[in-house]
Amino acid sequence: TKIQEDALKIRYEGEPDIYFNPVFKVFGMPGNFGGSYSQFFDATWIDVTNEHIKKVAAHEEGHRYIRILKGKLGLRNNLIKNIFSGRSDGERIVDEGIANYFEAVYRIKAENDVEKYGLLEEGGFYYYKKIDGCPVCYYTSGSNLVKPILDLGVDNGIEALAKNPMKKEDLEDLIGYQQRILRIVKKQ
(Lines give C-alpha, C1' and ligand atoms only; values in the text may rest on other atoms or scores of the structure.)
Protein backbone atom coordinates (compact mmCIF):
# COMPACT_ATOMS: atom_id res chain seq x y z
CA THR A 1 0.00 0.00 0.00
CA LYS A 2 2.79 2.46 0.89
CA ILE A 3 4.58 1.66 -2.38
CA GLN A 4 1.39 2.41 -4.31
CA GLU A 5 0.68 5.59 -2.35
CA ASP A 6 4.14 6.98 -3.08
CA ALA A 7 4.32 5.88 -6.71
CA LEU A 8 0.76 6.86 -7.62
CA LYS A 9 0.61 9.99 -5.44
CA ILE A 10 -2.55 8.78 -3.73
CA ARG A 11 -3.64 8.26 -0.12
CA TYR A 12 -5.71 5.37 1.18
CA GLU A 13 -8.11 5.94 4.04
CA GLY A 14 -7.61 3.59 6.95
CA GLU A 15 -6.02 0.18 6.93
CA PRO A 16 -7.32 -2.49 4.58
CA ASP A 17 -9.14 -5.54 5.93
CA ILE A 18 -7.31 -8.45 4.33
CA TYR A 19 -8.14 -12.06 5.12
CA PHE A 20 -5.90 -14.93 4.10
CA ASN A 21 -7.68 -18.20 3.45
CA PRO A 22 -6.00 -21.50 2.61
CA VAL A 23 -8.75 -22.38 0.15
CA PHE A 24 -10.24 -19.43 -1.63
CA LYS A 25 -13.92 -19.66 -2.49
CA VAL A 26 -16.43 -16.84 -2.65
CA PHE A 27 -20.13 -17.53 -2.76
CA GLY A 28 -19.45 -21.13 -3.74
CA MET A 29 -17.46 -20.25 -6.89
CA PRO A 30 -14.94 -23.02 -7.58
CA GLY A 31 -11.34 -22.48 -8.50
CA ASN A 32 -8.39 -20.37 -7.47
CA PHE A 33 -9.07 -16.72 -8.15
CA GLY A 34 -6.04 -15.56 -6.19
CA GLY A 35 -8.02 -12.93 -4.37
CA SER A 36 -11.14 -10.84 -4.33
CA TYR A 37 -12.17 -7.43 -3.01
CA SER A 38 -15.73 -7.07 -1.74
CA GLN A 39 -17.31 -3.61 -1.79
CA PHE A 40 -20.11 -4.95 0.38
CA PHE A 41 -17.75 -6.01 3.19
CA ASP A 42 -14.97 -3.52 2.29
CA ALA A 43 -12.56 -6.40 2.67
CA THR A 44 -10.12 -8.42 0.60
CA TRP A 45 -9.71 -12.18 0.63
CA ILE A 46 -6.47 -13.71 -0.62
CA ASP A 47 -5.66 -17.36 -1.17
CA VAL A 48 -2.55 -18.11 0.90
CA THR A 49 -1.64 -20.91 -1.48
CA ASN A 50 -1.11 -18.34 -4.25
CA GLU A 51 2.63 -17.73 -4.70
CA HIS A 52 1.99 -14.10 -5.73
CA ILE A 53 0.27 -12.89 -2.55
CA LYS A 54 1.77 -9.37 -2.68
CA LYS A 55 0.83 -8.89 -6.34
CA VAL A 56 -2.70 -10.11 -5.67
CA ALA A 57 -2.98 -7.76 -2.67
CA ALA A 58 -1.75 -4.84 -4.81
CA HIS A 59 -4.37 -5.65 -7.48
CA GLU A 60 -7.20 -5.94 -4.95
CA GLU A 61 -6.14 -2.68 -3.29
CA GLY A 62 -6.72 -1.07 -6.68
CA HIS A 63 -10.36 -2.16 -6.44
CA ARG A 64 -10.53 -0.77 -2.90
CA TYR A 65 -9.11 2.58 -4.01
CA ILE A 66 -11.78 2.89 -6.72
CA ARG A 67 -14.42 2.56 -3.98
CA ILE A 68 -12.64 5.10 -1.74
CA LEU A 69 -12.32 7.68 -4.52
CA LYS A 70 -15.89 7.21 -5.75
CA GLY A 71 -17.05 7.79 -2.18
CA LYS A 72 -15.04 11.02 -1.95
CA LEU A 73 -16.57 12.16 -5.22
CA GLY A 74 -20.08 11.43 -3.96
CA LEU A 75 -20.60 8.72 -6.56
CA ARG A 76 -22.61 5.80 -5.29
CA ASN A 77 -21.51 2.26 -5.76
CA ASN A 78 -24.63 0.28 -6.48
CA LEU A 79 -23.81 -2.62 -4.18
CA ILE A 80 -27.17 -4.33 -4.47
CA LYS A 81 -27.06 -4.24 -8.29
CA ASN A 82 -23.46 -5.54 -8.29
CA ILE A 83 -24.28 -8.40 -5.93
CA PHE A 84 -27.41 -9.64 -7.66
CA SER A 85 -26.90 -8.83 -11.33
CA GLY A 86 -23.16 -8.32 -11.59
CA ARG A 87 -21.27 -5.52 -13.19
CA SER A 88 -21.64 -4.65 -16.85
CA ASP A 89 -18.86 -5.54 -19.27
CA GLY A 90 -17.86 -1.86 -19.36
CA GLU A 91 -17.64 -1.64 -15.56
CA ARG A 92 -15.59 -4.82 -15.38
CA ILE A 93 -13.18 -3.66 -18.10
CA VAL A 94 -12.52 -0.35 -16.35
CA ASP A 95 -12.36 -1.83 -12.83
CA GLU A 96 -9.97 -4.64 -13.78
CA GLY A 97 -7.85 -2.26 -15.86
CA ILE A 98 -7.43 0.09 -12.88
CA ALA A 99 -6.66 -2.80 -10.53
CA ASN A 100 -4.09 -4.15 -13.02
CA TYR A 101 -2.50 -0.70 -13.15
CA PHE A 102 -2.13 -0.71 -9.35
CA GLU A 103 -0.62 -4.20 -9.49
CA ALA A 104 1.80 -3.18 -12.26
CA VAL A 105 3.01 -0.18 -10.27
CA TYR A 106 3.70 -2.46 -7.30
CA ARG A 107 5.58 -4.96 -9.50
CA ILE A 108 7.67 -2.24 -11.15
CA LYS A 109 8.55 -0.47 -7.87
CA ALA A 110 8.94 -3.47 -5.53
CA GLU A 111 10.24 -6.14 -7.87
CA ASN A 112 11.87 -4.17 -10.69
CA ASP A 113 9.49 -5.93 -13.05
CA VAL A 114 8.63 -4.57 -16.48
CA GLU A 115 4.99 -4.21 -17.40
CA LYS A 116 4.04 -4.78 -21.00
CA TYR A 117 1.03 -2.87 -22.21
CA GLY A 118 -0.23 -2.78 -25.74
CA LEU A 119 -2.31 -0.44 -27.78
CA LEU A 120 -6.01 -1.09 -27.92
CA GLU A 121 -7.10 -3.31 -30.77
CA GLU A 122 -9.46 -1.97 -33.43
CA GLY A 123 -11.96 -4.79 -32.85
CA GLY A 124 -13.03 -3.45 -29.49
CA PHE A 125 -13.88 -5.56 -26.47
CA TYR A 126 -15.29 -8.40 -28.54
CA TYR A 127 -11.88 -8.87 -30.16
CA TYR A 128 -10.34 -9.43 -26.71
CA LYS A 129 -13.21 -11.70 -25.72
CA LYS A 130 -12.63 -13.86 -28.81
CA ILE A 131 -8.83 -13.96 -28.52
CA ASP A 132 -8.36 -14.14 -24.73
CA GLY A 133 -11.66 -15.58 -23.52
CA CYS A 134 -13.29 -14.55 -20.28
CA PRO A 135 -12.42 -13.46 -17.67
CA VAL A 136 -8.92 -12.71 -19.09
CA CYS A 137 -10.48 -10.38 -21.68
CA TYR A 138 -11.44 -7.90 -18.94
CA TYR A 139 -7.87 -7.66 -17.70
CA THR A 140 -6.16 -7.31 -21.10
CA SER A 141 -8.62 -4.85 -22.64
CA GLY A 142 -8.92 -2.93 -19.35
CA SER A 143 -5.16 -2.60 -18.91
CA ASN A 144 -4.67 -1.25 -22.40
CA LEU A 145 -7.68 1.05 -22.01
CA VAL A 146 -6.82 2.76 -18.72
CA LYS A 147 -3.01 2.97 -18.74
CA PRO A 148 -2.66 6.17 -20.81
CA ILE A 149 -5.53 7.72 -18.84
CA LEU A 150 -4.06 6.91 -15.41
CA ASP A 151 -0.58 7.92 -16.55
CA LEU A 152 -1.93 11.49 -16.64
CA GLY A 153 -2.92 11.25 -12.97
CA VAL A 154 -4.56 8.42 -11.07
CA ASP A 155 -7.21 10.40 -9.21
CA ASN A 156 -8.18 12.53 -12.22
CA GLY A 157 -8.22 9.45 -14.45
CA ILE A 158 -10.41 7.39 -12.13
CA GLU A 159 -12.72 10.38 -11.63
CA ALA A 160 -13.15 10.85 -15.39
CA LEU A 161 -13.78 7.13 -15.89
CA ALA A 162 -16.27 7.02 -13.00
CA LYS A 163 -18.19 10.11 -14.08
CA ASN A 164 -18.29 9.00 -17.73
CA PRO A 165 -19.04 5.27 -17.56
CA MET A 166 -18.70 3.16 -20.64
CA LYS A 167 -21.91 2.63 -22.60
CA LYS A 168 -22.75 -0.56 -24.42
CA GLU A 169 -21.81 0.97 -27.79
CA ASP A 170 -18.36 1.88 -26.39
CA LEU A 171 -17.56 -1.84 -26.16
CA GLU A 172 -17.23 -1.86 -29.94
CA ASP A 173 -15.03 1.27 -29.94
CA LEU A 174 -12.69 1.14 -26.95
CA ILE A 175 -10.28 3.45 -28.74
CA GLY A 176 -12.99 6.11 -29.15
CA TYR A 177 -13.96 5.80 -25.48
CA GLN A 178 -10.32 6.02 -24.40
CA GLN A 179 -9.76 9.14 -26.53
CA ARG A 180 -12.90 10.76 -25.10
CA ILE A 181 -11.73 10.15 -21.52
CA LEU A 182 -8.20 11.34 -22.33
CA ARG A 183 -9.63 14.65 -23.60
CA ILE A 184 -11.61 15.05 -20.35
CA VAL A 185 -8.56 14.33 -18.16
CA LYS A 186 -6.38 16.74 -20.13
CA LYS A 187 -8.94 19.53 -19.55
CA GLN A 188 -8.97 18.97 -15.75
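1. Topic: the overall build of the protein
For the protein, the count of helices and strands is eight helices and three strands. N-terminal to C-terminal, the α/β element order of the protein is α-β-β-β-α-α-α-α-α-α-α. Looking at the protein residue by residue over its 188 residues, the buried ones come to 41%. Sequence-distant contacts in the protein: of pairs separated by 6 or more residues, those separated by 24 or more amount to 68%. Split by element, the accessible area of the protein, about 10500 Å² in all, is 52% carbon and sulfur.

2. Quick word on the pairing of strand 2 (residues 35-38)
The pairing of strand 2 with strand 3 (residues 43-47) spans four bridges and is antiparallel. Within strand 3, the residue paired with Ser 38 across the bridge is Ala 43. Counted along the chain from strand 2 to the antiparallel partner strand 3, the turn is four residues long, and its residue Asp 42 has a positive phi close to 50°.

3. So, the packing of helix 4 (residues 89-111) against helix 6 (residues 136-150)
Closest axis-to-axis distance for the helix 4/helix 6 pair is 7 Å, and the angle between their directions is 65°. Considering the angle they form, helix 4 stands roughly perpendicular to helix 6. When you trace helix 4 past helix 6, the crossing you get is right-handed. On helix 6, the residues that touch Asp 89, Arg 92, Ile 93, Val 94, Glu 96, Gly 97, Ile 98, Asn 100 and Tyr 101 of helix 4 are Tyr 138, Tyr 139, Ser 141, Gly 142, Ser 143, Leu 145, Val 146, Lys 147 and Leu 150. The residue inventory of the contact of helix 4 with helix 6, partitioned by class, reads nine nonpolar, five polar and four charged.

4. Observations regarding the confidence of the model for the protein
Summary statistics for the protein give a mean pLDDT of 81 and a share of 85% for residues scoring 70 or more. For the protein, the element scoring lowest by mean pLDDT is helix 3 (residues 79-85), at 52; helix 8 (residues 174-187) scores highest, at 96. Ignoring residues within four places in sequence, the model shows residues 26-32, a span with pLDDT below 50, making five contacts including any to other chains.

5. Concerning the side chain of Asp 95
Within the fold, Asp 95 resides in helix 4. Contacts of Asp 95, omitting those with residues within four sequence positions, involve His 63, Ile 66 and Arg 87.

6. A short note on the sheet that holds strand 3
An order of 1-3-2 is seen for the three strands of this open sheet, with the pairing classed as mixed. In the strand order of this sheet, the two ends are held by strand 1 (18-21) and strand 2, each with one partner. On average, each strand axis in the sheet is inclined to that of its neighbour by 15°, with strand direction left out of account. Sheet analysis places strand 1 next to strand 3, joined by four bridges and oriented parallel.

7. Brief notes about the pattern of salt bridges
Tallied over the full model, the rule gives nine salt bridges. Put simply, Asp 151 and Lys 147 hold a salt bridge, and the shortest N to O gap is 2.5 Å. By relative accessible area, Lys 147 is classed as partly exposed at 25%. A salt bridge links Asp 170 to Arg 180, with the shortest nitrogen-to-oxygen separation between them at 3.0 Å. With Asp 170 in the loop between helix 7 (154-163) and helix 8 and Arg 180 in helix 8, this pair connects stretches of sequence that are ten residues apart. Of the residues examined, Arg 180 reaches a relative accessible area of 31% and is grouped as partly exposed.

Rules of the game
Residues numbered from 1 in each chain as written. Predicted model: local features only at pLDDT ≥ 70, side-chain atom pairs only at ≥ 80, totals over all residues. Heavy atoms only, no water. Helix = DSSP H or I, 4+ residues; strand = E, 2+ residues; numbered from the N terminus. Buried < 20%, exposed > 50% of the residue type's maximum accessible area, 1.4 Å probe, protein only. Contact = heavy atoms within 4.5 Å. Areas by Shrake-Rupley, 256 points an atom, 1.4 Å probe, with all protein chains shown as cover. Pairing = 2+ DSSP bridges. Axes fitted to C-alpha atoms, helices over the stretch in contact; angles between N-to-C directions. Parallel < 35°, antiparallel > 145°, perpendicular 65-115°, else oblique. Left-handed = near helix turned anticlockwise from the far one by under 90°. Nonpolar A, V, L, I, M, F, W, Y, C, P; charged D, E, K, R; others polar. pLDDT = per-residue confidence, 0-100. Salt bridge = Lys/Arg side-chain N within 4 Å of Asp/Glu carboxyl O.

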